[in-house]
Amino acid sequence: MEETTPSLELRDIPDVSHMLPHEWWPWWAWVCIVTGVFLLWRVISWLQAKSSQHDSLRDRAFEDARQALQEAKSHTTAVALSTALSLALRRYLTIAFADPSLFETHEEFLARHDAVAALPENMRHALSEHFSTLCRYKYTPSEEHVDLSLLAPQASALLHQIHAVASRTDLAAP
């Protein structure tokens with residue numbers, strides 16, 4: 001058997017760079033991704049805060065309107081009672097629906113077809129009927145005694161119905 005002598009020749013180190021993991025993206029791409037995620041998070045939190053603030057304003061307006069309706073029950077004349085009820089409902093509509101009904105006359109409110117457009121048709125009709133009744137008592141007071149006991153409960157029921165619709169969906173943004 002023939003023996004082979006080992007070679008003393010040194011071999012070059014083989015290139016292993018193809019086996020090393022490479023950076024997928026440059027550092028600036030990672031910075032852009034992190035910044036984008038942070039900005040998206042800030043926008044979402046800002047929108048949620050804005051929505052909750054609007055809900056808070058609507059709820060506060062509802063409580064103020066309920067309080068005003070309770071205080072209106074103490075009025076004894078038809079003119080004072082109907083004015084107080086109308087004002088309480090219109091203030092709520094102005095805040096909850098961003099509707100200019102507080103600053104309009106009764107005729108302007110009824111003539112505007114998009115008045116509280118976010119409400120269902122039957123509720124808009126009930127609201128305009130109630131405002132017509134209040135208008136009749138405000139502007140054409142009669143000398144005879146009129147039963148006013150139903151005006152405040154009707155206004156309160158209408159307020160609760162409107163607030164239920166307004167709370168169910170976000171109808172208007174301020």
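Everything in this summary refers to the structure shown in the same document. (Residues numbered from 1 in each chain as written. Predicted model: local features only at pLDDT ≥ 70, side-chain atom pairs only at ≥ 80, totals over all residues. Heavy atoms only, no water.)

### So, the pattern of salt bridges
Here is step 1 of the chain: With the rule as written, the count across this model stands at 2 salt bridges.
Here is step 2 of the chain: Ionic pairing is found between Glu63 and Arg66, a salt bridge with its closest N-O pair at 3.3 Å. Separated by 3 residues within a single helix, Glu63 and Arg66 lie in helix H1 (residues 27-72), roughly one turn from each other.
Here is step 3 of the chain: The partly exposed category is assigned to Arg66, whose relative accessible area is 36%.
Here is step 4 of the chain: Where Arg124 meets Glu121, a salt bridge forms, and the shortest distance between an N and an O atom there is 2.5 Å. Of the two residues, Arg124 and Glu121 both sit in helix H4 (residues 121-139), 3 residues apart, roughly one turn of that helix.
Here is step 5 of the chain: The exposed category is assigned to Glu121, whose relative accessible area is 53%. (Salt bridge = Lys/Arg side-chain N within 4 Å of Asp/Glu carboxyl O. Helix = DSSP H or I, 4+ residues; strand = E, 2+ residues; numbered from the N terminus. Buried < 20%, exposed > 50% of the residue type's maximum accessible area, 1.4 Å probe, protein only.)

### A closer look at the side chain of Ser82
Here is step 1 of the chain: Residue position: Ser82 is located in helix H2 (residues 78-97).
Here is step 2 of the chain: Residue Ser82 is classed as buried on the basis of its relative accessible area of 0%.
Here is step 3 of the chain: A polar side-chain atom of Ser82 sits 3.4 Å from the main-chain amide nitrogen of Lys138. (Polar contact = N/O pair within 3.5 Å; in protein donor to acceptor, adjacent residues only side chain to side chain.)

### Focus: the nonpolar core
Here is step 1 of the chain: Grouped together as the largest cluster of nonpolar side chains are 32 residues, with contacts concentrated most on Leu85, Tyr92, Phe97, Val116, Leu119, Leu127 and Ile162.
Here is step 2 of the chain: Looking at this core, the elements with two or more residues in it are H1, H2, H4 and helix H5 (151-168).
Here is step 3 of the chain: Other than its neighbours up to four places away in sequence, Val116 contacts Leu93, Phe97, Asp99, Phe109, Arg124 and Leu127. (Core = buried A, V, L, I, M, F, W, Y, C linked by side-chain atoms within 4.5 Å. Contact = heavy atoms within 4.5 Å.)

### A few points about the packing of aromatic side chains
Here is step 1 of the chain: All chains considered together, the criterion is met by 2 aromatic pairs.
Here is step 2 of the chain: Measuring from centroid to centroid gives 5.9 Å for Phe38 and Trp41, while their planes differ by 40°, and the two rings are tilted. Placement of the pair is Phe38 and Trp41 together in helix H1, with a separation of 3 residues, close to one helical turn.
Here is step 3 of the chain: By relative accessible area, which is 48% here, Phe38 ends up partly exposed.
Here is step 4 of the chain: A residue is classified by how much of its surface remains accessible, and Trp41, at 51% relative accessible area, is exposed.
Here is step 5 of the chain: Their ring planes at 70° and their centres at 6.3 Å tell us that Phe62 and Tyr92 sit as a pair that is edge-to-face. (Phe/Tyr/Trp six-rings, centres within 6.5 Å; stacked < 30°, edge-to-face > 60°.)

### Describing a nonpolar patch on the surface
Here is step 1 of the chain: Among the surface-exposed residues, Trp24, Trp25, Trp30, Ile33 and Val37 lie close enough to one another that they form a single nonpolar patch of about 640 Å² accessible area.
Here is step 2 of the chain: Checked against the element boundaries, Trp24 lands in the segment before H1.
Here is step 3 of the chain: Judged by relative accessible area, which is 78%, Trp24 ranks as exposed. (Patch = residues over 30% accessible without salt bridge, like charges linked within 9 Å, V, L, I, M, F, W, Y side chains within 5 Å. Areas by Shrake-Rupley, 256 points an atom, 1.4 Å probe, with all protein chains shown as cover.)

### Looking at H4
Here is step 1 of the chain: Across its 19 residues, H4 extends 26 Å between first and last C-alpha, which sits within 8% of the 27 Å expected from 1.5 Å per residue.
Here is step 2 of the chain: Within H4 the residues assigned to the buried category are Met123, Leu127, Ser128, His130, Phe131, Thr133, Leu134, Cys135, Tyr137 and Lys138. (Expected span 1.5 Å × (residues − 1).)

### A look at the environment of Leu20
Here is step 1 of the chain: Structurally, the position occupied by Leu20 is in the segment before H1.
Here is step 2 of the chain: Look at Leu20 and you get exposed, because its relative accessible area is 52%.
Here is step 3 of the chain: Spatially, the C-alpha atoms of Leu20 and Trp46 are 44 Å apart, while their sequence positions differ by 26 residues.

### Considerations on H2
Here is step 1 of the chain: Here H2 is 20 residues long and its end C-alpha atoms lie 28 Å apart, about the 28 Å a rise of 1.5 Å per residue gives.
Here is step 2 of the chain: In the segment just after H2, Ala98 is the residue with positive phi, at about 55°.

Any functional reading would require information that these geometric values do not contain.
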